[in-house]
Amino acid sequence: MIKLKQKTRDTVFAWCLLIVPITHFLLFWLYVNIDSVLLAFQHQTTGEWGFDNFTRFFNQFKRDWAANSTIKVAIENTFITAFLNMFVVEPLVIFVAYVLFKKYFGHMFFRVAFYIPGIVGTVVTTIMLGHILDATGPIVLWGQSLGIEWGNGVLQDGLLNNSETARSTFHITAVLGISGQTVLLLTGAYQKIPTDLFDVGRLEGIGMFNEFMKLIVPCSWSTIGVMWVMTFASVWGNYQRVMLLTDGANDTNNFAYYMFASSLNATKGAESYNYPAAMGVLLTAIVAPLTLLLRWLSTKIVPDVEF
């Protein structure tokens, strides 16, 4: 029996662990993305190399922007969602995690309210939200009991299926989408803060607000900053909520769903993959530098804290 050296055995063991993820990376990421980039520069019918797909997108962009149509609405909705997630939802998540961490009054309610949707699943909670906002749902019925005069469109189709209320309702409900997993992640970051700092704060007589702003946020900013950047980056690829709630109708479309719909048309033979591939390349070229810039800004806003 051949005896291998310890270093050789370690090398073989390491390669046995790495062969599956490396193969997955090469096949399902590198090959797919390289093929998508190449498709973006090929003509959809002749196969000739060029920038026809990009020209088509820019022409469509100019027409839609002038007519306040599909692409303009999709980009506007994406930026609105990014702003709400970064500057409304994210601060709410940070504060909710603080309430859970400190176990203030009502922390059990928050714990149940924000963890259950993560257990049930996104599809189920989104379908439930659609029924809640329906014409026969509790929101419309409660509004009527409070004297709110809904239009005929809302009474017939609901808040999400009516052209006058769908867009605003879609963005307002996005603010309520606090992730229990994100709260759990932040709570873990808060628990790493030395308890001595909280003891000193109590001796100095700082209140809840000062403790939150001057202790919790700076000491856990490394986690908060990464989440802030990831929130911006994830918005550009998140089409599931649009697909499940409105299917992009009534000006609720976003850019991710616009690309998804173009790719879906390609699977049906109504469109080629070259056009959505070109949009993906353009999106990467714009969003990737912005994401890196935001990451750089996040490291400059609050210096790294070590303890």
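The structure reproduced in this document is the subject of the present report. (Residues numbered from 1 in each chain as written. Predicted model: local features only at pLDDT ≥ 70, side-chain atom pairs only at ≥ 80, totals over all residues. Heavy atoms only, no water.)

This next bit is on the overall build of the chain. Regarding its fold elements, the chain presents 15 helices and zero strands. At 25 Å, the chain has a C-alpha radius of gyration far larger than the 19 Å of a compact globule built from 307 residues. Principal-axis analysis of the C-alpha atoms gives the chain an extent of 85 × 75 × 40 Å. Sequence-distant contacts in the chain: of pairs separated by 6 or more residues, those separated by 24 or more amount to 63%. Accessible surface computed for the chain: about 19000 Å², of which carbon and sulfur atoms make up 67%. If you average the places of the 19 positive and of the 20 negative side-chain charges in the chain, the two averages end up 12 Å apart. (Helix = DSSP H or I, 4+ residues; strand = E, 2+ residues; numbered from the N terminus. Rg over C-alpha atoms; globule rule 2.2 N^0.38 Å. Contact = heavy atoms within 4.5 Å. Areas by Shrake-Rupley, 256 points an atom, 1.4 Å probe, with all protein chains shown as cover. Lys, Arg positive; Asp, Glu negative; His and termini not counted. Charge placed at Lys NZ, Arg CZ, Asp CG, Glu CD.)

Running from N to C, helix α1 (residues 6-40) and helix α15 (residues 274-301) cross one another at 105 degrees; their axes reach a closest spacing of 7 Å. Looking at the two axes, α1 sits roughly perpendicular to α15. Contacts between α1 and α15 involve S36, V37, L39 and A40 from the former and N274, A277, A278 and V281 from the latter. For the contact of α1 with α15, the residue count by class is six nonpolar, two polar and no charged. (Axes fitted to C-alpha atoms, helices over the stretch in contact; angles between N-to-C directions. Parallel < 35°, antiparallel > 145°, perpendicular 65-115°, else oblique. Nonpolar A, V, L, I, M, F, W, Y, C, P; charged D, E, K, R; others polar.)

What the second largest pocket holds in volume is close to 580 Å³. Looking at the second largest pocket, it is lined by 22 residues, and the ones nearest its centre are N33, M259, G280, V281 and T284. Per-element accounting of the lining of the second largest pocket gives the leading share, seven residues, to α15. In terms of residue class, the lining of the second largest pocket is built from 16 nonpolar, six polar and no charged. (1 Å grid on protein atoms, 1.4 Å probe; cavity = no way out; pocket = protein on both sides within 12 Å on 5 of 7 lines; lining within 4 Å. Points joined across faces, edges and corners; volume = space filled by probe spheres on them.)

Before going further, it helps to spend a moment on a nonpolar patch on the surface. Together, V112, I116, V120, V123, V124, I127, M128, M243 and L244 make up a nonpolar patch on the protein surface, roughly 700 Å² of accessible area in all. Only α4 (107-120), α5 (122-132) and α13 (240-245) provide two or more residues apiece to the nonpolar patch. With four residues, the single largest contributor to the nonpolar patch is α5. Tracing the backbone shows L244 in helix α13. (Patch = residues over 30% accessible without salt bridge, like charges linked within 9 Å, V, L, I, M, F, W, Y side chains within 5 Å. Salt bridge = Lys/Arg side-chain N within 4 Å of Asp/Glu carboxyl O.)

Under the counting rule described, the total for this entry stands at three salt bridges. Linking R167 and E76 is a salt bridge whose minimum nitrogen-to-oxygen distance equals 3.0 Å. Pair noted here: R167 is in helix α8 (residues 166-175) and E76 is in helix α3 (residues 70-102), with a separation of 91 residues, a long-range link. Residue E76 is classed as partly exposed on the basis of its relative accessible area, which comes to 25%. We note a salt bridge from E211 to K102, for which the minimum N-O separation is 3.5 Å. A residue pair is termed long-range when its members are at least 10 positions apart, and E211 in helix α11 (residues 208-219) and K102 in helix α3 qualify at 109 residues. You can call K102 partly exposed: its relative accessible area is 23%. (Buried < 20%, exposed > 50% of the residue type's maximum accessible area, 1.4 Å probe, protein only.)

On the secondary structure map, T291 appears in helix α15. With near-sequence residues (within four places) excluded, T291 lies in contact with V229, F232 and A233.

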